[in-house]
Amino acid sequence: MVANKVARRYAKSLMLVAQERNELERALADMQMIQRIVGDNRDLKAMLKSPVIKTYKKLNVIDQVFGKNISDLVKGFVRIITENSRADLLEEIAVGLTDLYNEHNKVVVANIKSATPLNDDLRAKIKGIVATMEHNSIELVEEVDADLIGGVVLRVGDAQIDASVARQ
């Protein structure tokens, strides 16, 4: 969930324009790629946040890093964001766009921690439990946490089911 209201507004603007042009899925994929790359690269993140680095230099680096891999829509959007001194919000805007996309398509993200990797039967049971919450589709984000000893912790939005051995 995006904490920054400005980032959410920019994400909403991008989503509306992408919907008008029927490019929402491509824009989402491009922004998620930007989120991954910025999140994994401390130097790039520091450069985007730096008020000392000039806008044209930031645009040049962004074009070199993402230029051929993103659509014209997202490229133009990133240019506007950078020219408005908001390049530091790119990662949060990408998160906001993903959140808005999931809300729009009624996709629920279920985060699940387990002591061992899930098998297909358990994964199907969990999807069945989450499906009762009236959403169109379910995206499971799995995490293995050996500290749980056994069992699972399921988190869907604000609801959490803790069926771990550590909790019992």
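See the structure printed just above.
Keep in mind that what you see is a predicted model, and the values were worked out from it rather than measured.

(A) Region of interest: the overall build of the protein chain. Secondary structure summary: the protein chain contains seven helices and four strands in total. In the protein chain, the order of α-helices and β-strands from amino to carboxyl end is α-α-α-α-α-α-β-α-β-β-β. Considering only C-alpha atoms, the protein chain reaches an extent of 55 × 35 × 30 Å along its principal axes. For the protein chain, the proportion of its 168 residues judged to be buried stands at 36%. Surface exposure of the protein chain reaches about 10,500 Å², of which carbon and sulfur atoms provide 48%. Of the charged side chains in the protein chain, 24 are positive and 24 negative; the average position of the first set lies 6 Å away from that of the second.

(B) Examining the packing of helix 1 (residues 5–20) against helix 6 (residues 90–104) more closely. Where helix 1 contacts helix 6, the axes come no closer than 8 Å and their chain directions differ by 55°. Between helix 1 and helix 6, the angle is such that the two are oblique. Between helix 1 and helix 6 lies a crossing of right-handed hand. Together, A7, R8, Y10, A11, K12, L14, M15 and Q19 of helix 1 and E92, I93, G96, L97, D99, L100, Y101, E103 and H104 of helix 6 make up the contact between the two elements. Of the residues in the contact of helix 1 with helix 6, the class split is nine nonpolar, three polar and five charged.

(C) How the structure looks around the nonpolar core. Grouped together as the largest cluster of nonpolar side chains are 31 residues, with contacts concentrated most on M31, I34, L48, F66, L90 and I93. Of all the secondary structure elements, the ones that give two or more residues to this core are helix 1, helix 2 (24–40), helix 3 (42–49), helix 4 (55–66), helix 5 (72–83) and helix 6. Ignoring any residue separated from it by four or fewer positions in sequence, one finds L90 in contact with M31, I34, L48, I62, V78 and I81. Formed by 10 residues, the second largest nonpolar core is a distinct cluster that contains V108, I112, I126 and V156.

Cut-offs used in this document
Sequence order as written defines residue numbering, which begins from 1 separately in each chain. Only residues with pLDDT of at least 70 get local features here, since the model is predicted, and only at 80 or more are side-chain atom pairs given and counted; chain-wide, interface and lining totals rely on the full set of residues. To obtain the side-chain values, all non-hydrogen atoms of the structure were used and water was disregarded. Only DSSP runs of H or I covering at least 4 residues are called helices, and only runs of E covering at least 2 are called strands; the numbering of each starts at the N terminus. Exposure is judged per residue with a 1.4 Å probe applied to protein chains only, and the accessible area is read against the type maximum: over 50% gives exposed, under 20% gives buried, and values in between give partly exposed. Only the protein chains shown count as cover for residues, with accessible areas throughout obtained via the Shrake-Rupley method and a probe of 1.4 Å. Counted charges follow a simple rule, with Lys and Arg positive, Asp and Glu negative, and His plus the chain ends left uncounted. By convention, charge coordinates are those of NZ in Lys, CZ in Arg, CG in Asp, or CD in Glu. Only the stretch in contact is used when a helix axis is fitted, and all axes are lines through C-alpha atoms; the angle between N-to-C directions ranges over 0 to 180 degrees. These descriptions rest on fixed angle ranges, namely under 35 degrees for roughly parallel, over 145 for roughly antiparallel, 65 to 115 for roughly perpendicular, and the rest for oblique. For any pair of crossing helices, the crossing counts as left-handed if the nearer helix is rotated counterclockwise from the farther one by less than a right angle, and right-handed if it is rotated clockwise. A contact between two residues is defined here by any heavy atoms of the two lying within 4.5 Å. Residues are grouped as follows: Ala, Val, Leu, Ile, Met, Phe, Trp, Tyr, Cys and Pro are nonpolar; Asp, Glu, Lys and Arg are charged; every other residue, Gly included, is polar. The term nonpolar core refers to a set of buried residues drawn from Ala, Val, Leu, Ile, Met, Phe, Trp, Tyr and Cys, joined through side-chain atoms within 4.5 Å.

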